Amino acid sequence: MSSSAKLTVVEVRESLQRFGLADYIVFVASLLICVVIGVYFGWKDWSVQRKRKQNVRRGSAALNYLVGGRKMKIFPVAMSLIASFISGIAVMGASTETYLHGTQFCYVFTAIILMAVSMNFIFLPVYQGLEITSAYAYLQLRFDRRIRLLGSGLFTLATLLHLPIVIYVPALAFNQVSGVNVHIVSTSVCMVCIFYTLVGGIKAVVWTDVIQMFIMIGALILIVIKGTADIGGLGVLIERNMASGRIEAPNFNFDPTERHTIWAIFIGGGSFWMGKNAIHQMMIQRYLALPTFRDAQKALLCFTVGIILLLMTCFYNGLLIYATFHDCDPLTTGLAKAKDQLIPVLLMKVLGNYPGLAGLFISGIFSASLSSLSTGLNSLSAIVLEDFVKPFVRKPLSERSTRYIMRGTVLGFGIVAVALVLVVEKLGTVLQLSMSLVPISLGPLLGLFLLGMLLPWVDASSAFGGALCGLLTMSYIVIRAQIAVAAREMPIPAKPVSVEGCEYEFELPPGYNTSTTLPTQPVEKSIHHVSYLYYTFIGAATTVLIGSISAAILRRQQPSKLDPLLVAPFVRKIYFPQSIPRTVVTTHTFDNKEDTALYLTCLLFNEYASRRNYVALTHAQPPTGTCG
């Protein structure tokens, strides 16, 4: 390393910043496509509203903006679900996890399957039957308003903590390949995202997600094919990763304090994914945009298969990073300033000489993040309108007021998210802390929905007490765990790396290749040493346990008095065997489709009321019009 002929690590890093004119053109073009889509759907909805001004039904503006009038198609919604769920954090984080710690986390596909099964048999049938816009409206129907506000507040807080990270991580990648300031690129790109989300609503969000998904998948496939060919093929990749111990069989150890075991991934990861998909407004709003339960099931199937394939591609990229840099670790040498910049380093090494391809990949990384940002902003507008405004106004909102509230929410929260990027950058520990904060709210929220849909004897007060206990338990575990991490009581073992084959000059970090980070004595383990994957499960289990025990002791609610539509179908069969009957109706001809829909709705409502005597349901009211 002392040879004067060698380049320094700074010079090598600068040589990799080959983001040329073609790359900028590709990147800007992908953003312009999103703007055009937003303007198109915004103009289309405005034209429809203008033509139907005299006949438009109250609430149609919110229905179109938030759930596309419940007339969206399966394919774009499925693509939007995948794009919304996989942010730039996941794309780069999954690869980094495999590079640093091996393939143990790759068995997350078992947790995804658990999530899909629970969605199909528990959550989706309830949501589709109620036809709500806010997922947390369910909590008021099942319990009361205070629990709805608790759920909405927790979602809002968790989303605001997550969005700045979604923005910051891809900006780091762009900085690595181009040298452009993080704040310039994050602010510029986010303004574009805020604009098309504000103008076009859910339709613009969904269709931009489709475009962004294809960009991201295309970029990932390019780097997989070209990167694998550069190292000598798949056999070389497997050989190098097997030699380093990165390719691993499932770990069946029952120790809950081990970071990744098959049990932690299946049970803990399954709970986390269930919470992120089954009770999260960002995801549920997509399912509710579909017209029927059957369509929602098909979208769920596409989403599940797509997520598994996409994540496995990201894990493969982690193996590819190691196979490419097996004898010169870019983190040790400082070629990559942060762990999240490993993928951009690989990108520029593999595709940097091909004009436009680097721009395509960075567009893919940004696309993943912009889809999460646009979905988050659109969901926050739904929450503010449905949960924080409508329940507290005496008179129904006008269409104009509804539009102003929804779009104002998108703009306001978008500006706040961009501003919070400054906090994320200045306080590096906030990144890990805020990612750990998500299960604090997610666990108790999941517990509330499980109490509502599976245990019909649990009342509102018992559920509130259970959620409070879940929040306190998770707050203690997460905060105590962060203190332990800072004190180096919880070292995370990493796979071996090497710098013996580096062809440039660099300085080894202090303490490199020593065991100073490992504790000299065995640390006495406590509950906060449990794997982070169990966080959501612990929060949900605490909520369900305390809530169900409290309800069983106090016996405040009789299951027979509960609306059967508020519980899962298999629970409905046990407690309400005489619930909503299937009715064959005679076909009638009407001049207006809305009159036909009104007649059928009235007929089913009257049949339901007469059979079950649910005349005063909290959520079921005869539709507007005359039911004869």
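This report concerns the structure included in the present document.

Criteria and cut-off values
- Residues numbered from 1 in each chain as written.
- Predicted model: local features only at pLDDT ≥ 70, side-chain atom pairs only at ≥ 80, totals over all residues.
- Heavy atoms only, no water.
- Helix = DSSP H or I, 4+ residues; strand = E, 2+ residues; numbered from the N terminus.
- Buried < 20%, exposed > 50% of the residue type's maximum accessible area, 1.4 Å probe, protein only.
- Contact = heavy atoms within 4.5 Å.
- Areas by Shrake-Rupley, 256 points an atom, 1.4 Å probe, with all protein chains shown as cover.
- Core = buried A, V, L, I, M, F, W, Y, C linked by side-chain atoms within 4.5 Å.
- Disulfide = S-S within 2.5 Å.
- Phe/Tyr/Trp six-rings, centres within 6.5 Å; stacked < 30°, edge-to-face > 60°.
- Expected span 1.5 Å × (residues − 1).
- Polar contact = N/O pair within 3.5 Å; in protein donor to acceptor, adjacent residues only side chain to side chain.
- Axes fitted to C-alpha atoms, helices over the stretch in contact; angles between N-to-C directions.
- Left-handed = near helix turned anticlockwise from the far one by under 90°.
- Nonpolar A, V, L, I, M, F, W, Y, C, P; charged D, E, K, R; others polar.
- 1 Å grid on protein atoms, 1.4 Å probe; cavity = no way out; pocket = protein on both sides within 12 Å on 5 of 7 lines; lining within 4 Å.
- Points joined across faces, edges and corners; volume = space filled by probe spheres on them.
- Patch = residues over 30% accessible without salt bridge, like charges linked within 9 Å, V, L, I, M, F, W, Y side chains within 5 Å.
- Salt bridge = Lys/Arg side-chain N within 4 Å of Asp/Glu carboxyl O.
- Parallel < 35°, antiparallel > 145°, perpendicular 65-115°, else oblique.

## A short note on the overall build of the chain
Point 1. Across its full length, the chain carries 22 helices and two strands.
Point 2. For the chain, the residues scored as buried account for 54% of the 628 residues in total.
Point 3. Within the chain, contacts between residues separated by at least 24 positions form 86% of all contacts whose residues are at least 6 apart in sequence.
Point 4. A total of about 28100 Å² of accessible surface is found on the chain, and carbon and sulfur atoms cover 63% of it.

## Observations regarding the side chain of Thr542
Point 1. Topologically, Thr542 is positioned in helix α20 (residues 535–554).
Point 2. A residue is classified by how much of its surface remains accessible, and Thr542, at 19% relative accessible area, is buried.
Point 3. In this view, Thr542 contacts Gly466, Cys469, Gly470 and Thr473; residues no more than four positions away in its chain are not counted.

## A short note on the nonpolar core
Point 1. Grouped together as the largest cluster of nonpolar side chains are 176 residues, with contacts concentrated most on Phe123, Phe303 and Phe449.
Point 2. It is helix α9 (residues 182–231) that contributes the most residues to this core, 17 residues altogether.
Point 3. Not counting residues within four places of it along the chain, the set of residues in contact with Phe449 comprises Phe123, Tyr127, Ala135, Tyr136, Tyr138, Leu139 and Ile279.

## Some details on the state of the cysteines
What makes a disulfide is a covalent bond joining the sulfur atoms belonging to two cysteines.
Point 1. Tallying each qualifying case throughout the model produces one disulfide.
Point 2. Disulfide pairing is shown between Cys328 and Cys502; the S-S distance is 2.0 Å. Measuring the twist about the S-S bond at about 110 degrees, one finds the Cys328-Cys502 disulfide to be right-handed. Note that Cys328 is positioned in the loop between α13 (293–324) and α14 (330–333) and Cys502 in the loop between α19 (460–486) and β2 (504–505), a separation of 174 residues in sequence. Neither Cys328 nor Cys502 differs from the other in exposure class; each is buried.

## Considering the packing of aromatic side chains
Point 1. If you walk through the whole model with that rule in mind, you get ten aromatic pairs.
Point 2. Each ring, one from Phe105 and one from Phe315, has its centre 6.1 Å from the other, and the planes form 85 degrees; the classification is edge-to-face. Pair noted here: Phe105 is in the loop between α5 (88–101) and α6 (109–130) and Phe315 is in helix α13, with a separation of 210 residues, a long-range link.
Point 3. Judged by its relative accessible area of 3%, Phe315 is buried.
Point 4. Taking 5.6 Å as the distance between ring centres and 20 degrees as the angle between the ring planes, the aromatic pair formed by Tyr138 and Phe449 counts as stacked.

## Points about α19
Point 1. Taking 1.5 Å as the rise per residue, α19 with 27 residues should run 39 Å; its terminal C-alpha atoms sit 39 Å apart, in good agreement.
Point 2. Among the residues of α19, the N-terminal cap falls to Asp459, whose side-chain oxygen and the backbone nitrogen of Ser461 are separated by 3.2 Å.
Point 3. Of the residues flanking the end of α19, it is Arg488, one or two places downstream, whose phi is positive at about 60 degrees.

## Observations regarding the packing of α6 against helix α11 (residues 262–278)
Point 1. It is the contact of α6 with α11, at a shortest axis distance of 8 Å, that shows an interaxial angle of 35 degrees. Note that α6 runs across α11; the crossing there is right-handed. In this structure, α6 contributes Thr110, Ala111, Ile112, Leu114, Met115, Ser118, Met119, Phe123 and Tyr127 to the contact, and α11 contributes Ile262, Ile265, Phe266, Gly269, Gly270, Trp273, Met274, Asn277 and Ala278.
Point 2. Taken together, the residues of the contact of α6 with α11 sort by class into 13 nonpolar, five polar and no charged.

## Focus: empty space enclosed by the protein
One simple way to see leftover space: roll a probe sized like a water molecule over the atoms.
Point 1. Per the counting criterion, the structure on display carries three cavities of 30 Å³ or more.
Point 2. In this model, the largest cavity occupies a volume close to 120 Å³.
Point 3. Lining the largest cavity we find 15 residues, and of these Ala158, Thr159, Lys276, His280 and Val438 sit closest to its centre.
Point 4. Among the secondary structure elements, those contributing two or more residues to the lining of the largest cavity are α8 (145–178), α11 and α18 (429–454).
Point 5. A per-element tally of the lining of the largest cavity places α8 first, with five residues.
Point 6. Residues of the lining of the largest cavity, tallied by class, amount to nine nonpolar, five polar and one charged.

## Comments concerning the environment of Ser178
Point 1. Tracing the sequence through the fold places Ser178 in helix α8.
Point 2. Given the relative accessible area of 16%, Ser178 is considered buried.
Point 3. Along the backbone, Ser178 and Leu16 are 162 residues apart, and their C-alpha atoms lie at a distance of 8.6 Å.

## Some points on a nonpolar patch on the surface
Point 1. Where nonpolar side chains cluster on the molecular surface, the patch consists of Phe109, Ile113, Val117, Phe121 and Phe570 and spans about 440 Å² of accessible area.
Point 2. For the nonpolar patch, the element with the highest residue contribution is α6, accounting for four residues.
Point 3. Along the polypeptide, Val117 turns up in helix α6.
Point 4. A relative accessible area of 43% places Val117 in the partly exposed class.

## A word on the packing of α6 against α13
Point 1. Where α6 contacts α13, the axes come no closer than 10 Å and their chain directions differ by 160 degrees. In terms of axis orientation, α6 runs roughly antiparallel to α13. In this structure, α6 meets α13 at a crossing whose hand is right-handed. Residue-level inspection shows Phe109, Ile112, Ile113, Met115, Ala116, Met119, Asn120, Leu124, Pro125 and Gln128 of α6 in contact with α13, the latter providing Phe293, Ala296, Gln297, Leu300, Phe303, Thr304, Ile307, Ile308, Leu311 and Met312.
Point 2. Of the residues that constitute the contact of α6 with α13, the class distribution is 16 nonpolar, four polar and no charged.

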